[in-house]
Amino acid sequence: DIRRVITRRIYSLPFSPESKDFLNQIILGQGTGVDDDIRQSFANVGLAHILALSGLHIGIITLILSLLLAPLDYLRLRKLRLCLTIVVLLFYAALTGMSASVSRAVIMSTVTFIAFLVYRRNTPVNTLFLAAVLVLAISPFDLFDVGFQLSFMAVLFILIANSLARKYFAKQSKIAYWFTNLVLMSAASMIGTGILSAFYFNVIPIVFLLSNAVIVPLMPIVVSVGVVSILVGSDVLCAAFSTGFDWALYFVRFVETLPFSYSANVYVSIIDVVIYYIFIAAAIVALYKSLKALSAIFVSGIILYFTLESTVKPAHSGAMILNDFNETPILLYDKGRSMLFPVVDSDYRTQFSIYHKKLLAVLSID
């Protein structure tokens, strides 16, 4: 099994322990070894997508392939380079188990490369919906997969933001346009997936612009070093990857400790999600029709109102007997305050909070 060979290769090299788990996760999607606190830290600052195989990782693989196969362009074998890239991406999708997010990204990339091969114009949004249709035709139940939903909405909103950036900011200088585009991409990704993050993970990242602006541009470099380290087995490159990951993790945890960096124990219903996307769609239509900014601000205010309304739930009082971790703790709660009985240590309470975060959010317990 090729996946096992690659995993053994990763764990045999002198990476730091946490970076080994991270590299295994982002390359093969085998993230059982990644600590729960690391996962939670990334989710809290709006970087949960970093730990999930998605378009970002396919983009990194494509970037590495472009660099390795660049000599073919000088030999006037550009079509061969594109064909080899398609073959490698399809092989990689099979290697990672054909998850919905990877399949979507690979299909989008493949359609884009085929359009170049046959000299056809490619529309990114159309390609995204084609990818979604093909993925759901193969596996209809992926529609209810949180990874598919997050991946699809993130890419859709990034493409829309990119289109709006060209419409409103194309006349800026290259540096200003690059910075504006970076901010818009991060904001669009969060606008598209923030409500889903609240629905599934009960967390709303607040400082996502800062975390995404630093970590997302850094990841292609760090992951590329990690992939090359696996191929050549260089101790220097292994140390460089481990250092890069350690610094990224340090930054994530630093951002997580900032005041008001995220809002935890947020409860959002499916009705809130539907209303949110309806008003977001209205705001996008208003922007495309070049209406006054007041329209977009007005719609955004309504969205904010509904979102805040959904997070404010009446306090509850009561007791509940639970069965988890081979224990039967009793949860006592009253107006947002809670206590586990019998009294437990802080490590157990942390595990309890992570495992039962949906329940705690519904009961408005901090």
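Everything numeric here is computed off the predicted structure, so don't read it as measured data. (Residues numbered from 1 in each chain as written. Predicted model: local features only at pLDDT ≥ 70, side-chain atom pairs only at ≥ 80, totals over all residues. Heavy atoms only, no water.)

1. Here we look at helix α13 (residues 270-288)
Taking 1.5 Å of rise per residue, 19 residues should cover 27 Å, and α13 covers 27 Å from first to last C-alpha, within 8% of that figure. For α13, the set of buried residues is Asp272, Val273, Tyr276, Tyr277, Ile280, Ala283, Ile284 and Ala286. (Helix = DSSP H or I, 4+ residues; strand = E, 2+ residues; numbered from the N terminus. Expected span 1.5 Å × (residues − 1). Buried < 20%, exposed > 50% of the residue type's maximum accessible area, 1.4 Å probe, protein only.)

2. Let's talk about the environment of glutamine 149
Summarising the element assignment, glutamine 149 is placed in helix α9 (residues 146-169). Look at glutamine 149 and you get buried, because its relative accessible area is 16%. Distance from glutamine 149 to alanine 100, taken between C-alpha atoms, is 9.1 Å for residues 49 residues apart in sequence. Contact partners of glutamine 149, with chain neighbours within four places excluded, come to Leu143, Phe144, Leu196 and Tyr200. Looking at glutamine 149, its side chain comes within polar contact range of the side chain of tyrosine 200, at 2.7 Å. (Contact = heavy atoms within 4.5 Å. Polar contact = N/O pair within 3.5 Å; in protein donor to acceptor, adjacent residues only side chain to side chain.)

3. Here we look at unusual backbone geometry
Notably, arginine 76 is not glycine yet its phi reads approximately 60°, a positive angle. Note that arginine 76 resides in the loop between α5 (71-74) and α6 (78-95).

4. What about the packing of α9 against α13?
At a minimum axis distance of 11 Å, the contact between α9 and α13 shows a crossing angle of 20°. Taken together, the axis directions place α9 and α13 in an arrangement best described as roughly parallel. For the element pair α9 and α13, the recorded crossing hand is left-handed. Contact with α9, carried on its side by Met153, Phe157, Ile160, Ser163, Leu164, Lys167 and Tyr168, involves Tyr277, Ile280, Ile284, Leu287 and Tyr288 of α13 and no other residues of that element. For the contact of α9 with α13, the per-class residue count stands at 10 nonpolar, 1 polar and 1 charged. (Axes fitted to C-alpha atoms, helices over the stretch in contact; angles between N-to-C directions. Parallel < 35°, antiparallel > 145°, perpendicular 65-115°, else oblique. Left-handed = near helix turned anticlockwise from the far one by under 90°. Nonpolar A, V, L, I, M, F, W, Y, C, P; charged D, E, K, R; others polar.)

5. Quick look at the side chain of asparagine 44
Note that asparagine 44 resides in helix α3 (residues 36-44). Owing to a relative accessible area of 2%, asparagine 44 belongs among the buried residues under this scheme. Ignoring sequence-local partners within four residues, the contact set of asparagine 44 consists of Val203, Pro205, Glu256, Ser261 and Tyr262.

6. Description of the side chain of arginine 81
Relative to the elements of secondary structure, arginine 81 occurs in helix α6. If we ignore the near neighbours within four places in the chain, the residues touching arginine 81 are Ser66, Leu69, Ala70, Leu72 and Asp73.

7. Focus on the confidence of the model for the chain
This prediction gives the chain a mean pLDDT of 77; 79% of its residues lie at or above 70. At the level of individual helices and strands, the chain shows its lowest average pLDDT in helix α14 (residues 293-311), which scores 60, and its highest in helix α12 (residues 235-256), which scores 89. (pLDDT = per-residue confidence, 0-100.)

8. As for the packing of aromatic side chains
This model, assessed by the stated rule, comprises 7 aromatic pairs. Here phenylalanine 157 and tyrosine 277 contribute two aromatic rings whose centre-to-centre distance is 6.3 Å and whose plane-to-plane angle is 50°, an arrangement assigned as tilted. Here phenylalanine 157 is found in helix α9, whereas its partner tyrosine 277 is found in helix α13, with 120 residues between them in sequence. Exposure remark for phenylalanine 157: the relative accessible area of 8% places this residue in the buried category. Residue tyrosine 277 is classed as buried on the basis of its relative accessible area, which comes to 19%. Grouped by ring-pair contacts, the aromatic residues Phe157, Tyr276 and Tyr277 constitute a single cluster. (Phe/Tyr/Trp six-rings, centres within 6.5 Å; stacked < 30°, edge-to-face > 60°.)

9. Considerations on the nonpolar core
Ranked by internal contacts, the top residues of the largest apolar core, which has 46 residues, are Phe22, Leu23, Phe42, Ile215 and Met219. It is α12 that contributes the most residues to this core, 8 residues altogether. If sequence neighbours within four positions are ignored, methionine 219 has contacts with Phe22, Ile50, Ile60, Ser224 and Ala248. Core analysis: the next-biggest nonpolar cluster, separate from the first, contains 30 residues, Ile107, Leu156, Leu196 and Val268 among them. (Core = buried A, V, L, I, M, F, W, Y, C linked by side-chain atoms within 4.5 Å.)

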